[in-house]
Amino acid sequence: DAGVIQSPRHEVTEMGQEVTLRCKPISGHDYLFWYRQTMMRGLELLIYFNNNVPIDDSGMPEDRFSAKMPNASFSTLKIQPSEPRDSAVYFCASSFAGAPQHFGDGTRLSIL
Amino acid sequence: GQQLNQSPQSMFIQEGEDVSMNCTSSSTFNTWLWYKQDPGEGPVLLIALYKAGELTSNGRLTAQFGITRKDSFLNISASIPSDVGIYFCAGPPGGTSYGKLTFGQGTILTVHP
């Protein structure tokens, strides 16, 4: 079975550019989560959706970050404009009802 | 908010040794999860614990849900090089569902052949 699929796996871009990260959750899962991982702060939950609806975005750092889930099989996390401090590994995870979350392999983002 | 404290932060062991790590919280949890993250990959679920006092095994891994519901332990027996990685504990805060997980800061395990 396909797991959570994230793209791209790596992204290097210049400060000020728009960055879009993509996620395809596991088919049938009704929760989708976006996390950011850094050495300093560990794993941080940015936002999560239930049935395509954003439930809690309190972890989104600031207005430069936005996330959408237009349908059950696709979500995006956008940073505009990007800054060097946004460099991190971004993970998407999905789950079904009360089951534990399954993670994708992440997008390693470097902002120069 | 609720925080999970993992210890030790890192471990350097010889292949074949047993490993113990734990996770504590000032608040109670109804579920404890243990994940492992290999370099360059996302965390993978190892063991899920649902009841206070529960002891669950997965191969060489054994985890326990503390009686007080404020801690959990993970043991790895007879470590091998592929056990290298970061081990995270996690749980849904405030007795909620899996809508949100709190993660510990991780224990970094290095195994020398």
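Residues numbered from 1 in each chain as written. Chains lettered and ligands numbered in written order. Predicted model: local features only at pLDDT ≥ 70, side-chain atom pairs only at ≥ 80, totals over all residues. Heavy atoms only, no water.

A short note on the sheet that holds strand β3 (residues 19-25) of chain B
All names here are of chain B. Condition: In this description, strands pair whenever DSSP reports at least two bridges between them. A run of DSSP states H or I qualifies as a helix once it reaches four residues; a run of E qualifies as a strand once it reaches two. Both are numbered from the N-terminal end. Angles here are taken between N-to-C directions and fall from 0 to 180 degrees, while the axes themselves are lines fitted to C-alpha atoms, restricted in helices to the stretch in contact.
Overall, antiparallel pairing links the 5 strands, which are arranged β1-β3-β8-β7-β6 in an open sheet. Edge positions in the sheet fall to β1 (4-7) and β6 (55-58), since each has one partner strand and no second. When strand polarity is set aside, the average angle formed by the axes of neighbouring strands in this sheet is 15°. In this sheet, strand β8 (residues 71-76) lies alongside strand β7 (residues 61-65) in antiparallel orientation, the contact comprising 5 bridges. Bridging across to β8, Ala 63 finds its partner in Leu 74.

So, the packing of aromatic side chains
This is how the line gets drawn: Pairing of aromatic side chains requires ring centres within 6.5 Å, counting the rings of Phe and Tyr and the six-membered ring of Trp. Pairs whose planes differ by under 30 degrees are stacked, by over 60 edge-to-face, and all others tilted.
Within this structure, the stated rule accounts for 13 aromatic pairs over all chains. Between Tyr 35 of chain B and Phe 103 of chain B, the aromatic rings sit 5.8 Å apart at their centres with planes inclined by 45°, giving tilted as the arrangement. Within this pair, whereas Tyr 35 of chain B is found in strand β4 (residues 32-37), its partner Phe 103 of chain B is found in strand β10 (residues 102-103), the two being separated by 68 residues in sequence. Here the aromatic cluster, defined as three or more aromatic residues joined through ring pairs, consists of Tyr 31, Phe 33, Tyr 35, Tyr 48, Phe 91 and Phe 103 of chain A together with Tyr 35, Phe 88 and Phe 103 of chain B.

Overview of the interface of chain A and chain B
Put simply, the rule reads: Only heavy atoms matter for contacts: two residues are in contact if any of them lie within 4.5 Å across the pair. Here's the idea: put two parts together, see how much 1.4 Å probe accessible area each one loses, and the total over both is what we call buried area. Any Lys or Arg side-chain nitrogen found within 4 Å of a carboxyl oxygen on Asp or Glu counts as a salt bridge.
Contact with chain A, which involves 19 residues of that partner, is made by 17 residues of chain B. Roughly 1400 Å² of surface becomes buried between chain A and chain B when both sides are summed, with 58% attributable to carbon and sulfur atoms. Interface area lost by chain A to chain B is led by Leu 43, Pro 100 and Phe 103 of chain A, which between them contribute 32%. The tally of links between chain A and chain B comes to 0 salt bridges.

Observations regarding the state of the cysteines
Residue and element names in this part refer to chain A. Applicable threshold: We call a pair of cysteine sulfur atoms a disulfide whenever their separation is within 2.5 Å. For every residue, the accessible area (1.4 Å probe, protein chains only) is compared with the maximum for its type, and the residue is labelled buried under 20%, exposed over 50%, or partly exposed between those bounds.
Counted by the stated rule, this structure contains 2 disulfides over all chains. Across a sulfur-sulfur distance of 1.9 Å, Cys 23 and Cys 92 are joined as a disulfide pair. Around the S-S axis, the bridge from Cys 23 to Cys 92 shows a dihedral of about -70° and counts as left-handed. Of this pair, Cys 23 sits in strand β3 (residues 19-24) while Cys 92 sits in strand β9 (residues 88-95), and the two are 69 residues apart along the sequence. In terms of burial, Cys 23 and Cys 92 fall into one category: buried.

Let's talk about the pattern of salt bridges
Residues and elements named next belong to chain A. What the rule picks out here adds up to 10 salt bridges over all chains. For Arg 64, the salt bridge is made with Glu 83, and the minimal N-O distance between the two is 3.5 Å. Here Arg 64, found in the loop between β6 (53-56) and β7 (65-71), pairs with Glu 83, found in the loop between β8 (74-79) and β9; they are 19 residues apart in sequence, far enough to count as distant. The buried category is assigned to Arg 64, whose relative accessible area is 10%. For Arg 85, the salt bridge goes to Glu 83, with nearest N and O atoms at 2.6 Å. In this structure Glu 83 comes out as partly exposed when scored by relative accessible area, which is 23%. Several salt bridges share partner residues, and in doing so they unite Glu 62, Arg 64, Glu 83, Arg 85 and Asp 86 into one network.

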